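Structural overview
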Amino acid sequence: MREKILVIDDDEKITSMLRRSLAFEGYTVLTSNHGMDGLKQILEHEPDAVILDVMMPQLDGWEVVRRIREGGFEVPVLMLTAKDEVADRVKGLDLGADDYLVKPFALEELLARIRVLLRRKAADKTDQATNRLQFQELFMDLDTREVYRGGQRIDLTTKEFELLHLFMQNPKRVLSRDVIMEKIWGYDYSGESNVLEVYIAMLRQKTEEHGGKRMIQTVRGAGYVLRGEG
């Protein structure tokens, strides 16, 4: 899917030039000639990046970027301005802009900065994704240490969370008692200890509390596996 770039600038020459150049680079390009319409397009089209002019009538670029951030949108914003003043650059960045470019600018530099912003956004998404695990209707957030099944929150103790985390890192893979004990408790499994069975039972009770079918299955003579219904 092609990345979408929204250009908000009241200068038709600028928007026309950027529309052609960005399209040539393979982007889908949206344009707007004033701030209110630009904000509307962000809501409707969810662009991957915004190129935003500062000096526009009615709603200037500073107010637009402020509303973007107050609305909770994390879209990368590259601001354009005809003023090469430090105070102007600082103001835009403080309001939430990601980068700043002074007119007149070299097209090659603008394209390079857009590529950097898009790479950074992609890297952020990857980082966020690695902190969340999902298997079927079971969802785990490693940052908040919250667990949900079918939208219902499940409260787990520290060890229960660690045990479920191990299963969700290895879905459909049979984990032996020795492996689980070593990973979670840090020592070799003792045949006389039933601590693992106790925790498995508690995990099953909590994950099945709202009527869900069993997800942690026993494989006789081998161990346990997270494989959902079965």
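Residues numbered from 1 in each chain as written. Predicted model: local features only at pLDDT ≥ 70, side-chain atom pairs only at ≥ 80, totals over all residues. Heavy atoms only, no water.

Counted by the stated rule, this structure contains one aromatic pair. Aromatic side chains Trp185 and Tyr199 sit 5.4 Å apart centroid to centroid with 65° between the ring planes, which places their arrangement in the edge-to-face category. Of this pair, Trp185 sits in the loop between helix H7 (177–184) and helix H8 (195–207) while Tyr199 sits in helix H8; the two residues are 14 residues apart in sequence, bridging distant segments of the chain. In this structure, Lys91 is placed above the aromatic ring of Trp62, and the distance from its NZ or CZ to the ring centre is 4.0 Å. Seen from the ring of Phe161, Arg145 lies directly overhead, with NZ or CZ sitting 4.1 Å from the centre. (Phe/Tyr/Trp six-rings, centres within 6.5 Å; stacked < 30°, edge-to-face > 60°. Helix = DSSP H or I, 4+ residues; strand = E, 2+ residues; numbered from the N terminus. Lys NZ or Arg CZ within 6 Å of the ring centre and 35° of its normal.)

We now examine the pairing of strand S2 (residues 28–32). With five bridges joining them, strand S1 (residues 4–8) and S2 adopt parallel strand pairing. Residue pairing across strands places Lys4 opposite Thr28, the latter belonging to S2. In this fold, the crossover linking S1 to S2 by way of helix H1 (residues 12–24) has right-handed handedness. (Pairing = 2+ DSSP bridges. Right-handed = clockwise from strand over helix to strand, strands pointing away.)

Our focus in this paragraph is the sheet that holds strand S8 (residues 146–149). Spatially, four strands are ordered S6-S7-S8-S9 in an open sheet, and the strand pairing comes out antiparallel. Two strands lie at the open edges of the sheet, namely strand S6 (132–135) and strand S9 (152–154), each paired on one side alone. The mean angle between the axes of side-by-side strands here comes to 20°, regardless of whether they run parallel or antiparallel. Pairing between strand S7 (residues 138–141) and S8: four bridges, direction antiparallel. Along S8, the bridge assignment pairs Asp141 with Glu146. Here helix H6 (residues 158–169) sits on the sheet and contacts S6, S7 and S8; the angle it forms with S7, its principal contact strand, is near 115°. (Axes fitted to C-alpha atoms, helices over the stretch in contact; angles between N-to-C directions. Contact = heavy atoms within 4.5 Å.)

Glancing now at the sheet that holds strand S3 (residues 49–53). Pairing is parallel across the open sheet formed by five strands, whose spatial order is S2-S1-S3-S4-S5. This sheet does not close on itself; its edge strands, each paired only once, are S2 and strand S5 (99–102). Across this sheet, the average inter-strand angle for adjacent strands is 20°, counted without regard to direction. Note: S3 against strand S4 (residues 77–81), four bridges, orientation parallel. Bridged to Val50 within S4 is Val77.

Attention now goes to helix H3 (residues 61–70). Of all the positions in H3, only Gly61, Trp62, Val64, Val65 and Ile68 are classed as buried. Along H3, the residues classed as buried sweep out an arc of 160° about the axis, all on the same side. Buried positions along H3 lie against S1, helix H2 (35–45), S3, S4, helix H4 (86–95) and S5. Among the residues of H3, the N-terminal cap falls to Asp60, whose side-chain oxygen and the backbone nitrogen of Trp62 are separated by 3.2 Å. Downstream of H3 by one or two residues, Gly72 has phi in the positive range, about 85°. (Buried < 20%, exposed > 50% of the residue type's maximum accessible area, 1.4 Å probe, protein only. Arc of directions from axis to C-beta. Polar contact = N/O pair within 3.5 Å; in protein donor to acceptor, adjacent residues only side chain to side chain.)

At 3.6 residues per turn, the α-helix brings residues three or four places apart onto the same side. Compared with an ideal rise of 1.5 Å per residue, which puts 13 residues at 18 Å, H1 spans 18 Å between its outermost C-alpha atoms and is within 8% of the ideal. Considered for burial, the residues of H1 that qualify are Ile14, Thr15, Ser16, Leu18, Ser21 and Leu22. The N-capping residue of H1, defined by a side-chain oxygen 2.9 Å from the backbone nitrogen of Lys13, is Asp11. Backbone geometry just downstream of H1 places Gly26 in the positive-phi region, at approximately 100°. (Expected span 1.5 Å × (residues − 1).)

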